[in-house]
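Remarks on the overall topology
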Amino acid sequence: MSGRRVVITGVAGFIGSNLAQRLLADGDSVVGIDNLAYGVIEQVPSAVEFHKADIRHKGLERLFRGADAVFHLAAKNCIADCEQDPLESSDINVTGSVNVFESARRAGVSRVIYAESSALYEGSTVFPTPETELAPRSIYALSKHAEMVFADAYARDHGLRLTALRYFGVYGPRQDYRRLIPPVMSAFIIHLLRGTRPTIYGDGSKRRDFVYVDDVNDFHVRCLTDDRTVGRTVNIGSGSSVSVSEVLAKLQALMGTKASPDFRPDLPAEAFETRADISVARSLGWSPSVNLDSGLKRSIDYIREHVVNERAGASVQ
């Protein structure tokens, strides 16, 4: 089915802008909301009905009216940023999310798909990690846990048809390299393309489950068409993990460079390993199709063309 009217909060961000592009290609109309505090307006497809707005503002209800579904992706999601400012993190991730749920309820939009996070498992020692294994530790994870509790209440008390998605290490075009601590994939690629030393926090042994953004969008679309996703919490990852040092080695081989990393002190509040149990997603007919090497090649091509060549003077921390 196509021709839906879909709202995306955080539309100028990494996952939101990619999702908007996919939905438009499928024939849907997209209403995009972003306050541009973290998102980049140039990433928003021109066909999106864009509104510069904050998810904490009371006027969201009017932007939701007539929508078939809401994807709530807006968040303050850099762990280091959240540790530095717990009050703003709670305000955005908890109060903002409650405002999204309430605005959807008031506007008569029953279908809401929202982003939780694999950070909810950061204290777990169970790998691969199923959806039941909650162990939040960081301010960011705690804020997403509170969001989950409010979402459960809106499903129970107001009949919102919710799906909670726990993304693991999503990567691909438009990944946010401007954050205080940029995501490892985009940061490594930019440094290697510029001939500078990539930064590794810790000794490089931390392991991450990486999933390509197009695979993530395949599940997003499934949420709009498959009622079995309603009321579910679903891990979205690859089901395997790779170390930070291994990622750098793969990129060096693909790009023909041997730039040595700049090792810095480890970051606080980060899990040593993430690895998703994707049994629930598989039971709903989804599985990732883009392997790591293919995803890295696509990411390199995008960053070379759209980041390094267009923003030669930009800096990366």
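These numbers come from a predicted model, not from an experiment.

1. Some words on the overall build of the chain
A count of helical and extended segments in the chain gives 10 helices and 13 strands. Relative to the compact-globule value of 20 Å for 317 residues, the chain shows a C-alpha radius of gyration of 19 Å, a close match. Contacts in the chain between residues far apart in sequence, at least 24 positions, make up 79% of those at least 6 positions apart. For the chain, the exposed area adds up to about 13300 Å²; of that, 48% sits on carbon and sulfur atoms. Across the chain, 37 positive and 39 negative side-chain charges occur, with their mean positions spaced 2 Å apart.

2. Re the sheet that holds strand β1 (residues 5–9)
With respect to topology, seven strands assemble into an open sheet ordered β3-β2-β1-β4-β5-β6-β11, the strand pairing being parallel. The open sheet has two free edges, formed respectively by β3 (49–52) and β11 (233–236), since each of these has just one partner strand. When strand polarity is set aside, the average angle formed by the axes of neighbouring strands in this sheet is 20 degrees. In the packing of helix α5 (residues 139–158) onto the sheet, the strands contacted are β4 (69–72), β5 (111–115) and β6 (161–167), and the crossing angle to β5 comes to about 165 degrees.

3. So, unusual backbone geometry
Note on backbone geometry: most residues besides glycine have negative phi, and most peptide bonds are trans. Between Phe 127 and the following residue, Pro 128, the backbone shows a cis peptide bond with an omega angle of -5 degrees. Tracing the backbone through its elements, the reader meets Pro 128 in the loop between β5 and α5. Backbone geometry places Arg 174, a non-glycine residue, at a positive phi of 75 degrees. By the element assignment, Arg 174 lies in the loop between β7 (169–171) and α6 (184–194). Given the relative accessible area of 13%, Arg 174 is considered buried.

4. Description of helix α4 (residues 86–107)
For α4, spanning 22 residues, the distance from its first C-alpha to its last is 30 Å, which sits close to the expected 32 Å at 1.5 Å a residue. A positive phi of about 80 degrees marks Gly 108, the residue just after α4.

5. Considerations on the pattern of salt bridges
Scanning the entire structure with this criterion turns up 24 salt bridges. With a shortest N-O distance of 2.8 Å, Arg 106 and Glu 102 are connected by a salt bridge. Of this pair, Arg 106 and Glu 102 are both found in helix α4, four residues apart, which corresponds to roughly one turn of the helix. Of the residues examined, Arg 106 reaches a relative accessible area of 53% and is grouped as exposed. Connected via shared salt-bridge partners are Lys 206, Arg 208, Asp 266 and Glu 270.

6. Some details on the packing of aromatic side chains
Tallied over the full model, the rule gives six aromatic pairs. On the basis of an interplanar angle of 85 degrees and a centroid distance of 6.2 Å, the ring pair of Tyr 171 and Phe 210 is categorised as edge-to-face. Placement of Tyr 171 in strand β7 and of Phe 210 in strand β10 (residues 210–212) is noted, with a sequence separation of 39 residues between them. For Phe 210, a relative accessible area of 12% puts it in the buried group. On the basis of an interplanar angle of 90 degrees and a centroid distance of 6.1 Å, the ring pair of Phe 219 and Trp 286 is categorised as edge-to-face. With Phe 219 in helix α7 (residues 213–225) and Trp 286 in the loop between α9 (279–283) and α10 (292–308), this residue pair connects regions lying 67 residues apart in the sequence. Considered together, Phe 219 and Trp 286 belong to a single accessibility category, that of buried residues. An aromatic cluster of at least three residues, connected via ring pairs, comprises Phe 101, Tyr 114 and Tyr 154.

Each value, and the rule that gives it
Residues numbered from 1 in each chain as written. Predicted model: local features only at pLDDT ≥ 70, side-chain atom pairs only at ≥ 80, totals over all residues. Heavy atoms only, no water. Helix = DSSP H or I, 4+ residues; strand = E, 2+ residues; numbered from the N terminus. Rg over C-alpha atoms; globule rule 2.2 N^0.38 Å. Contact = heavy atoms within 4.5 Å. Areas by Shrake-Rupley, 256 points an atom, 1.4 Å probe, with all protein chains shown as cover. Lys, Arg positive; Asp, Glu negative; His and termini not counted. Charge placed at Lys NZ, Arg CZ, Asp CG, Glu CD. Pairing = 2+ DSSP bridges. Axes fitted to C-alpha atoms, helices over the stretch in contact; angles between N-to-C directions. Buried < 20%, exposed > 50% of the residue type's maximum accessible area, 1.4 Å probe, protein only. Expected span 1.5 Å × (residues − 1). Salt bridge = Lys/Arg side-chain N within 4 Å of Asp/Glu carboxyl O. Phe/Tyr/Trp six-rings, centres within 6.5 Å; stacked < 30°, edge-to-face > 60°.

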